[in-house]
Amino acid sequence: MDSRERRRGEPAGSPRIDRLFAYGAMLPLIAGALVLWFAPEAQSFLALNLTLFWGASVLLFIAGVRRGASLSQTGGAAIAELVAMLGLFLAGVASLVATIWAFPLVAALLQIAGFAGLAILDRVAAPNDGPLPVERLRSLQICVPVAVLAAVAIWIWRSPFL
C-alpha cells in the first residue's frame with residue numbers, strides 16, 4: 001500500500017491548522033491586490049511594496065522548507081530538490097532587490113515565475129513526498145499567488161505614475 005493512501009481513521013481532508021497556514025499566508029497578497037485595485041491611489045505605493053515584500057517572503061519561506069525537508073532524507077537531497085530550492089530562493093531574493101530598486105513589474109514577474117515554477121518543480125523534485133491531505137492543498141496554494149500577482153502586475157503595467 002502506498003504510504004500516501006488514506007488509512008482507516010485518517011481524515012479525508014487537510015487538518016484545519018494546515019489549511020489555516022496554507023491559505024492564511026495568501027491573505028496578505030489578496031488584500032494587497034484589492035487595495036491596489038480599489039483603494040485610493042494614495043495608499044498604492046505602500047500596498048504595492050508590502051504586497052511584493054510578502055510574496056518574496058513566501059517564496060523564501062518555501063525555499064527554506066524545501067531545504068529543511070531535504071535534509072531529513074537518507075542519503076541527502078537529490079539534485080532536482082536542490083535546484084528547486086535554489087530557484088525559489090533566487091526568485092525571492094531577486095524580487096526583493098527589484099522591489100527595493102523600484103522595479104515593481106520585474107519583481108511581480110519574478111514572483112509569478114517562482115510560484116509557477118513551484119508547480120512544475122514540486123512534481124519533478126519531490127513527487128509523492130507528503131501525505132495526500134497536504135498534496136490537495138498545493139494546487140490551490142500555488143494558483144492563488146500566481147493569479148493575485150498577475151493582477152498586481154496588470155495594475156503596475158496600467159499605473160500612470162510607475
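In the block above lies the structure referred to throughout.
The structure contained in this document is the topic of the report that follows. (Residues numbered from 1 in each chain as written. Predicted model: local features only at pLDDT ≥ 70, side-chain atom pairs only at ≥ 80, totals over all residues. Heavy atoms only, no water.)

1. Some points on the overall build of the protein
Summing up its helical and strand segments, the protein has six helices and zero strands in all. N-terminal to C-terminal, the α/β element order of the protein is α-α-α-α-α-α. In the protein, which comprises 162 residues, the share counted as buried stands at 35%. Restricting the contact set of the protein to residue pairs at least 6 apart, pairs at least 24 apart contribute 74%. Accessible surface computed for the protein: about 9,400 Å², of which carbon and sulfur atoms make up 71%. (Helix = DSSP H or I, 4+ residues; strand = E, 2+ residues; numbered from the N terminus. Buried < 20%, exposed > 50% of the residue type's maximum accessible area, 1.4 Å probe, protein only. Contact = heavy atoms within 4.5 Å. Areas by Shrake-Rupley, 256 points an atom, 1.4 Å probe, with all protein chains shown as cover.)

2. Remarks on helix α2 (residues 27–38)
With 12 residues, α2 extends 16 Å from end C-alpha to end C-alpha; this agrees with the ideal 16 Å at 1.5 Å per step. For α2, the complete set of buried residues consists of L29, G32, A33 and L36. Viewed along the axis of α2, the buried residues span an arc of 95°, placing them on a single side of the element. Relative to its buried face, α2 has exposed residues pointing more than 90 degrees away, namely L27 and F38. (Expected span 1.5 Å × (residues − 1). Arc of directions from axis to C-beta.)

3. What about the nonpolar core?
Grouped together as the largest cluster of nonpolar side chains are 27 residues, with contacts concentrated most on L48, L52 and V152. At the level of secondary structure, the elements contributing two or more residues to this core comprise α2, α3 (44–71), α4 (79–100), α5 (104–125) and α6 (132–158). (Core = buried A, V, L, I, M, F, W, Y, C linked by side-chain atoms within 4.5 Å.)

4. Brief notes about the packing of α2 against α3
When two helices pack together, their arrangement is given by the angle between the helix axes and the distance between those axes. Across the interface, α2 lies against α3 with an axial gap of 9 Å and an inter-helix angle of 155°. Overall, the two elements α2 and α3 adopt an arrangement that is roughly antiparallel. The handedness of the crossing between α2 and α3 is left-handed. Residues P28, L29, G32, A33, V35 and L36 of α2 form the contact with α3, whose own contacting residues are S44, A47, L48, T51, W54 and G55. (Axes fitted to C-alpha atoms, helices over the stretch in contact; angles between N-to-C directions. Parallel < 35°, antiparallel > 145°, perpendicular 65-115°, else oblique. Left-handed = near helix turned anticlockwise from the far one by under 90°.)

5. What to know about the environment of E81
Considering the arrangement of structural elements, one finds E81 in helix α4. You can call E81 buried: its relative accessible area is 9%. Separated by 15 residues in the primary sequence, E81 and R66 place their C-alpha atoms 7.5 Å from one another.

6. Overview of the side chain of T51
Mapped onto the elements, T51 comes out in helix α3. The class of T51 is buried, set by a relative accessible area of 2%. The contacts of T51, once residues within four sequence positions are left out, are P28, L29, G32, A33 and V152.

7. Some remarks on a nonpolar patch on the surface
Side chains of L86, F89, L90, V93, V97, I100, W101, F103 and V106 sit close together on the surface and give an oily, nonpolar patch of about 870 Å² of accessible area. Ranked by residue count, the leading element in the nonpolar patch is α4, at six residues. Note that I100 resides in helix α4. (Patch = residues over 30% accessible without salt bridge, like charges linked within 9 Å, V, L, I, M, F, W, Y side chains within 5 Å. Salt bridge = Lys/Arg side-chain N within 4 Å of Asp/Glu carboxyl O.)

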